[in-house]
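Close look at the chain arrangement
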Amino acid sequence: MEDSEYWNPFLETLPPEKIRSLQLEKFQRIFRWTYDHSRFHRSLYERAGIRPEDIRSFDDIRHVPTVEKSMMRDIQRKAPFPYGDALCVPLEEVTEFRQTSGTTGQPVYQPDTWQDWEWWAECWAFILWAQGYRPSDRVFIPFGYNVFVAFWAGHYGAEKIGCEVVPGGVLDTKARILKIQELRPTAMMATPTYVLGMADTARNKMGLNPAEMSIEKITCAGEPGASIPTTKRRMEQAWGAKAYDHAGATEIGAWSFECTAQPGGLHVNEAFFLVEIVDVDTGELIEDPGKKGKMVITAFDRVAQPCVRFDSKDIIEWAEETCPCGRTFRLIKGGVIGRADDITKVKGVLLAPSAIEEVVRGIDGLADEYEVVVEKRGDMDHITLKVELLPGRESAKEKIEAELKDQLRLKTNLGYHLEFHEYGTLPRYEVKARRFKDMRKGH
Ligand SMILES: [Zn+2]
């Protein structure tokens, strides 16, 4: 088992046409389950005039109404408390409570049965095995375990494949670094922001070099950073380790992962999820590589509160290439590029926050933190970018500023008002960073 490259050699190398027929069959099954057991979904589908027997092909799937997060919020005012009428199982079968992080509004509650929780761990087993985790690994999780699903499932997934797991729950950053020194774990899981923050604390507050510690691989989640080349490079250099991306969500599951081939994108776990990409404006299906759209996703095997054609607002695109690792699961290029809500028009130009991050993290002399504020001044959109110089680089400020301006203009086609802040003064984040503020929308 330990020699196998794949967690599930059968599913991960299925020929594409076999994956498609498996997906259709599994969609039919979860659709019927949802139709029969969720009052919310039943009424949605009855209004659209769609019954389980109408789903005979992929084209039929396109006619199934999508579900948005705002709808999930409304559900929760209904019985049974606290989940509402999308719950497909008796309340006593629920064993896990989670909630979304609430970065885009009121959190959504997510119930899971024990079977669902097993499924979460299985999804993570695909991720971790593809990133080189094996039973001989000791995995440190520097994460404040709480009501968010983040890394809970990673914890169980790592146990499932046989790793030894060290929970770094209530420790502060310094204590976590000391724990890494003491126990010599080979892997860890954290948000990109925190991976960089820990390295910064180790170097600048403790006089330790994280690259000389024992970490060989880092699994990132929660933010797209590990798919942004310059952020990935900073993490890998800081820790002397490989940094891998993964994308998942509380109400969806752990649906994608980067593999050790680091192909510049994420594999979609197509045996467990159906990912559709649709045009943001027209809603038309995008099947060809190279065109961005938003993701509509179905989790085939989650039963308590199903995820069927969920409009995730994540912006993604299919990659042209197949992956040298041999997995037949399709790749999305560059990971999750942003959220439809965040990709905003400034001065008539589409701006993705990840493009700014790529520029900032690519400039030698700038610290990892930054903040973007978009506001209206008179009739004009005005963008302020706040950055920090690394200690000892003050004399190079003019050169750095000029390079930053050029790169921003080149990569985003926009002009910025630049603010240089003293090192260590911009906000530091542990879980979900809020570095992009659009004051035109009030947040
Ligand atoms: Zn691969």
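Sequence order as written defines the numbering, with residues in each chain counted from 1. A pLDDT threshold of at least 70 governs which residues receive local features in this predicted model, and a stricter bar of 80 or more applies before side-chain atom pairs are shown or counted, although totals over entire chains, interfaces and linings include all residues. Side-chain metrics rest on all non-hydrogen atoms present in the structure, leaving aside hydrogens and water.

1. Overview of the packing of helix H9 (residues 192-206) against helix H10 (residues 229-239)
The description of two helices packed together rests on the angle between their axes and the distance between the axes. So the rule is basically this: Working convention: axes come from line fits to C-alpha atoms, limited for helices to the stretch in contact. Angles between N-to-C directions cover 0 to 180 degrees. By the criteria applied, helices consist of DSSP H or I runs no shorter than four residues and strands consist of E runs no shorter than two, each listed in order from the N terminus. Any angle between 65 and 115 degrees counts as roughly perpendicular, while under 35 counts as roughly parallel, over 145 as roughly antiparallel, and the rest as oblique. Each helix crossing is assigned a hand: it is left-handed if the near helix lies turned anticlockwise from the far helix by less than a right angle, otherwise right-handed if that turn is clockwise. Contacts are assigned to residue pairs with any non-hydrogen atoms lying within 4.5 Å of each other.
Across the interface, H9 lies against H10 with an axial gap of 10 Å and an inter-helix angle of 40 degrees. As summarised for this structure, H9 and H10 are arranged oblique, according to the angle between their axes. For the pair H9 and H10, the crossing hand works out as left-handed. Mapping the contact onto sequence places Pro192, Val195, Leu196, Met198, Ala199 and Arg203 in H9 and Thr231, Arg234, Met235, Ala238 and Trp239 in H10.

2. As for the sheet that holds strand S19 (residues 380-389)
This is how it is decided: A pair of strands is labelled paired if DSSP reports no fewer than 2 bridges between them.
Within the open sheet, the four strands sit side by side as S20-S19-S18-S21. Their pairing is mixed. The sheet is open, and its two edges are formed by strand S20 (417-421) and strand S21 (436-438), each paired on a single side. Neighbour-to-neighbour, the strand axes of the sheet open up by a mean angle of 15 degrees, direction not taken into account. Here strand S18 (residues 366-377) pairs with S21 via three bridges, running parallel.

3. Details of the packing of aromatic side chains
Test applied: Aromatic rings from Phe, Tyr and Trp, with only the six-membered ring used for Trp, were paired whenever their centres fell within 6.5 Å, and each pair was classed as stacked if the ring planes differed by under 30 degrees, edge-to-face if by over 60, and tilted otherwise. For the exposure calls, accessible area comes from a 1.4 Å probe over protein chains only, and a residue counts as buried if that area is under 20% of its type's maximum, exposed if over 50%, partly exposed in between. Remark: a charge is flagged as sitting over a ring if the NZ atom of Lys or the CZ atom of Arg is within 6 Å of the ring centre and within 35 degrees of the ring normal.
Considering all chains together, one arrives at 15 aromatic pairs under this definition. Judged by centre distance (6.2 Å) and plane angle (15 degrees), the rings of Phe27 and Phe31 are stacked. With a gap of four residues between them, Phe27 and Phe31 both fall in helix H2 (residues 16-37), about one helical turn apart. We note that Phe27, like Phe31, is buried. A network of ring pairs unites the aromatic residues Trp117, Trp119, Trp120, Tyr156 and Phe273 as a single cluster. One residue, Arg98, lies across the ring of Trp117, its end atom 4.8 Å from the ring centre. Lying over the aromatic face of Trp129, Arg134 brings its terminal NZ or CZ to 3.9 Å of the ring centre.

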